[in-house]
Amino acid sequence: MKRLLNILIAAALCAGSGLAQAATKAAPPETVEKLAWLTGCWQVDGAEPGSGEQWSTAAGGTILGASRTVKGGKTTAFEFVQLRLTVPGQLAYIVQPSGAAPVEFNLLRQDKPNEFIFANLDNDFPSRIIYRHVSYRIVHASIVGTLKGKLTTINFPMSRIRCDAQAGERSR
């Protein structure tokens, strides 16, 4: 009986250490591939033709993007974006607006596989950048933060267009 008890205790200890090892294993590393649905061209709904974003395919651990805002037939704002892992292995949205210095927003959370919230709470506006993948043809982007002392959200509903399409022509 004593031998059986020792065997059971040893088995429980082995099983417990296996569970502890499994629990301490690191989560799989972040990858930009989870945002590959951004690849392509997007027109901001209701905005002047030419206003939108274009995203490259995922390669080399990055997705590169560019956006443009057109008002009165002229480009009034633009930005270059990198989606990549930073040194600590954090998925980041790094934006360089209209030629200014880059600003890094780390992935704060991923709500479901289709919504990504990036944050930089040291940046007044925006302090959060949100992308929600609604369908193959629809993406909603938002920027949130403090603007003139007031919490402000600006929404950018976008529809997929062919990258070689004339401005304003929707993808089929």
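Quantities reported herein were computed from a predicted structural model and do not represent experimental measurements.

**Side note on the overall build of the protein**
The helix and strand inventory of the protein stands at 1 helix and 10 strands. Going residue by residue from the N terminus, the α and β elements of the protein occur as α-β-β-β-β-β-β-β-β-β-β. For the protein, with 172 residues in total, the buried portion stands at 31%. A separation threshold of at least 6 residues defines the contact pool for the protein, and within that pool the share at least 24 residues apart is 28%. Element-wise, carbon and sulfur atoms account for 59% of the exposed surface of the protein, whose accessible area totals about 10,700 Å².

**A closer look at unusual backbone geometry**
Here the bond from Phe125 into Pro126 is cis, since omega is -10°, no more than 30 degrees from zero. Within the secondary structure layout, Pro126 lies in the loop between strand 7 (115–119) and strand 8 (128–135). Unlike most non-glycine residues, Lys148 shows phi in positive territory, near 55°. Along the chain, Lys148 falls in the loop between strand 9 (138–147) and strand 10 (150–161).

**Topic: the environment of Asp45**
As for its placement among the helices and strands, Asp45 is situated in the loop between strand 1 (40–44) and strand 2 (52–55). Residues Asp45 and Met158, spaced 113 residues apart in sequence, show a C-alpha to C-alpha distance of 5.2 Å. For Asp45, the side chain forms a polar contact with the side chain of Ser159, separated by 2.8 Å.

**Things to note about the environment of Arg132**
Tracing the chain through its elements places Arg132 in strand 8. You can call Arg132 partly exposed: its relative accessible area is 33%. Placed 15 residues apart in sequence, Arg132 and Ile117 show a C-alpha to C-alpha distance of 8.7 Å. Aside from chain neighbours lying at most four places away, what touches Arg132 is Trp37, Asn114, Glu115, Ile138, Val139 and His140.

**Here's the deal with the packing of aromatic side chains**
Within the structure shown, the criterion is met by 6 aromatic pairs. Considering the side-chain rings of Trp55 and Tyr131, the 6.1 Å spacing of their centres and the 90° angle between planes classify their relative orientation as edge-to-face. In this pair, Trp55 is assigned in strand 2 and Tyr131 in strand 8, connecting sequence segments 76 residues apart. Centroid distance Tyr93 to Tyr131: 5.8 Å. Interplanar angle 35°. Geometry classified as tilted. Taken together, the positions of Tyr93 in strand 5 (residues 91–97) and Tyr131 in strand 8 put the pair 38 residues apart, joining distant regions of the chain. Tyr131 gets classed as buried once you look at its relative accessible area, which sits at 3%. Taken together, the aromatic side chains of Trp55, Tyr93, Phe118 and Tyr131 make up a single cluster linked through ring pairs. Over the ring of Tyr136 we find Arg160, and its NZ or CZ is 4.1 Å from the ring centre.

**With respect to the pattern of salt bridges**
With the rule as written, the count across this model stands at 3 salt bridges. Residues Asp111 and Arg109 are paired through a salt bridge, measuring 3.0 Å at the closest nitrogen-oxygen approach. Classification of Arg109 by relative accessible area gives partly exposed; the value is 43%. Across the salt bridge formed by Glu115 and Arg132, the nearest N and O atoms sit 3.8 Å from each other. On the criterion of sequence distance, the pair formed by Glu115 in strand 7 and Arg132 in strand 8 is long-range, its members being 17 residues apart. Residue Glu115 is classed as buried on the basis of its relative accessible area of 17%.

Cut-offs applied
- Residues numbered from 1 in each chain as written.
- Predicted model: local features only at pLDDT ≥ 70, side-chain atom pairs only at ≥ 80, totals over all residues.
- Heavy atoms only, no water.
- Helix = DSSP H or I, 4+ residues; strand = E, 2+ residues; numbered from the N terminus.
- Buried < 20%, exposed > 50% of the residue type's maximum accessible area, 1.4 Å probe, protein only.
- Contact = heavy atoms within 4.5 Å.
- Areas by Shrake-Rupley, 256 points an atom, 1.4 Å probe, with all protein chains shown as cover.
- Polar contact = N/O pair within 3.5 Å; in protein donor to acceptor, adjacent residues only side chain to side chain.
- Phe/Tyr/Trp six-rings, centres within 6.5 Å; stacked < 30°, edge-to-face > 60°.
- Lys NZ or Arg CZ within 6 Å of the ring centre and 35° of its normal.
- Salt bridge = Lys/Arg side-chain N within 4 Å of Asp/Glu carboxyl O.

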